[in-house]
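Structural features, examined
Chain residues, written in single-letter form:
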Amino acid sequence: MDLQFNVSASGSEEPVNEGRPDVENVIIIGSGPAGLTAGLYAARATLNPLLLTGNDYGGQVSLTYEIENYPGFPEGISGPELVEKMKEQAEKFGTQVEYDHVTELVLDQHPFLVRTASGKEYATKSLILCTGARPRYLEVPGEKELTGRGVSYCATCDGFFFRDQEVIVVGGGDSALEEGLFLTKFAKRVRIVHRRDKLRASKILQERAFANPKIEFVWNTVVTAINPGEDGKVASVSTRNTVTGEEGELKTDGVFIFIGHIPNNDLFVGKLDMDEDGHLIVDRKMRTNVPGVFAAGEIMDKVFKQVATSVGQGTSAAMQTERFLADMEAEGYPGVHVDPREAPVELCRLMETA
Ligand code: NAP
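Residues numbered from 1 in each chain as written. Predicted model: local features only at pLDDT ≥ 70, side-chain atom pairs only at ≥ 80, totals over all residues.

Glancing now at unusual backbone geometry. Residue His-110 is joined to Pro-111 through a cis peptide bond whose omega torsion reads 0°. Relative to the helices and strands, Pro-111 resides in the loop between strand E4 (102-106) and strand E5 (112-116). The residue Glu-139 is not glycine, and still its phi comes out positive at about 60°. Structurally, the position occupied by Glu-139 is in the loop between strand E7 (133-135) and strand E8 (151-152). Residue classification places Glu-139 among the exposed positions, given that 8 C-beta atoms sit within 10 Å. The phi dihedral of Lys-305 falls on the positive side, at around 50°, and the residue is not glycine. Along the chain, the position of Lys-305 falls in the loop between strand E17 (293-295) and helix H6 (307-331). For Lys-305, a count of 17 C-beta atoms within 10 Å puts it in the partly exposed group. (Helix = DSSP H or I, 4+ residues; strand = E, 2+ residues; numbered from the N terminus. Buried ≥ 20, exposed ≤ 12 C-beta atoms within 10 Å, placed from the backbone.)

This is the structure in structure tokens:
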């Protein structure tokens, strides 16, 4: 493809990205299962993809102690090990994985520009956005101050520090139960505080949690504050019963919070269409509202959020990107557009047929 343009936003020097083409075919942003799988498929399609990992290499799955429901691993596999295998497979076929964090995207011109924390600037014909999600905060007094001093969002990372201690888990979904079960390996008592009297978690996890003698449930209860002891670490939580309004206090050494996730969409605000919860809106071909920009994984998925579904979405996004680039190659690049919401007619037409 013969693209003529000045890649530098300032209009001055060309960016120097050693060993990389002047214009990338595709840049994948994010190194969780969706991103690494998109890398694998894009590499096998000979697109020579560049994958920028972001600050949280491997995404949320790398914080998961054991994954039992990813097909092909009947004995289960640890999150970090699965991420390593996915990376190895993507690299084997030619994905270049760069440990860099994207700070800015320019989507109102084509090729798009990607700027990173290390000061690099890349131009690219297409993008696959796989930036995932991060834990939701309780937003109660004491939470921020006591994070790392007894408040945690990762049982795999911090569970070990609570050997023979008491911990509280907040939440009633799969994460709360799965992580609560994991914490029983260390803690002597795990109390799961849930705001209703019914769990959202899957049946199998509920059964396991109910059968575990170290786990107790505190129903219809919200945590209203997290309180420090004299040593500056978590000593208790203040609670309120959601039915009776009664206030109380539970003594504890640790508070693990698993109340859902927020999509990592900072880079896309005002540039790409999102739903009311901040997930990127894509069609069934993983296309955002800007032609050439695709998304996969938890940045666009508010329903399934499984490693297996993220992998499938990453696959679809890469296959669609390949078709987009092939069509551009065949029909000729339609030219620079200025407003992503008013992409050139030709490009829209290409997207329709892709
Ligand atoms: P989730 O399913 O959205 O559950 C969040 C839980 O936190 C809910 O029980 C919710 O209560 C509670 N909650 C939300 N905001 C709260 C607040 N401000 N105060 C107190 N409680 C609050 O989130 P998740 O457990 O992180 O799971 C996310 C997705 O990942 C789900 O699709 C899940 O199936 C999947 N996942 C799967 C596995 C697995 O298959 N092994 C493991 C982990 C996660 P309500 O129930 O009252 O809304």
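That covers the picture; the talk isn't over yet.
This brings us to the packing of helix H1 (residues 33-44) against H6. Interaxial distance between H1 and H6 falls to 7 Å at its minimum, and their mutual angle equals 40°. Both H1 and H6 take part in a crossing whose hand is right-handed. Packed against H1, whose contacting residues are Pro-33, Ala-34, Gly-35, Thr-37, Ala-38, Tyr-41 and Ala-42, the element H6 presents Val-307, Ser-310, Val-311, Gln-313, Gly-314, Thr-315, Ala-317, Ala-318, Met-319, Thr-321 and Glu-322 at the interface. Its residues assigned to classes, the contact of H1 with H6 shows 10 nonpolar, 7 polar and 1 charged. (Axes fitted to C-alpha atoms, helices over the stretch in contact; angles between N-to-C directions. Left-handed = near helix turned anticlockwise from the far one by under 90°. Contact = placed C-beta atoms within 7 Å. Nonpolar A, V, L, I, M, F, W, Y, C, P; charged D, E, K, R; others polar.)

This part covers the sheet that holds E8. Remark on secondary structure: sheet strands pair via backbone hydrogen bonds, oriented parallel or antiparallel. Overall, parallel pairing links the 5 strands, which are arranged E8-E15-E9-E10-E11 in an open sheet. The open sheet terminates on both sides in strands that have one partner only, identified here as E8 and strand E11 (215-218). Strand direction decides the pairing type here: strand E9 (residues 166-170) and strand E10 (residues 189-193), joined by 5 bridges, are parallel. Across the sheet, Glu-166 pairs through a bridge with Arg-189, a residue of E10. Here helix H4 (residues 174-183) sits on the sheet in contact with E9, E10, E11 and strand E15 (254-257), set at roughly 170° to E9. (Pairing = 2+ DSSP bridges.)

This next bit is on the site of the ligand. In the vicinity of the ligand lie 20 residues, with Gly-172, Gly-173, Ser-175, Ile-259 and Gly-260 positioned nearest. Of all the elements, H4 adds the most residues to the shell around the ligand, at 4 residues. Of the residues belonging to the shell around the ligand, the class tally is 6 nonpolar, 8 polar and 6 charged. No fewer than three residues from each of domain 1 (27-134 + 261-351) and domain 2 (143-257) sit in the shell around the ligand. (Near = placed C-beta within 6 Å. Domains from an automatic or database assignment.)

Another point: the nonpolar core. Within the largest apolar cluster, 53 residues are counted, with the highest numbers of intra-cluster contacts made by Ala-38, Ile-128, Ala-295 and Ala-296. Phe-162, Leu-183, Ala-209 and Val-237 belong to the second-largest nonpolar core, a separate cluster that totals 30 residues. (Core = buried A, V, L, I, M, F, W, Y, C linked by C-beta atoms within 7 Å.)

Attention now goes to the environment of Leu-280. The residue Leu-280 is located in the loop between strand E16 (261-263) and E17 in this model. With 24 C-beta atoms packed within 10 Å, Leu-280 lands in the buried category. Along the primary structure Leu-280 and Ala-295 are separated by 15 residues, whereas in three dimensions their C-alpha atoms are 7.3 Å apart. When near neighbours in sequence (up to four residues on either side) are disregarded, Leu-280 contacts Leu-129, Asn-265, Phe-268, Leu-272, Met-274, Thr-288, Ala-295, Ile-299 and Met-300.

In short, shape yes, function no, at least from these values alone.
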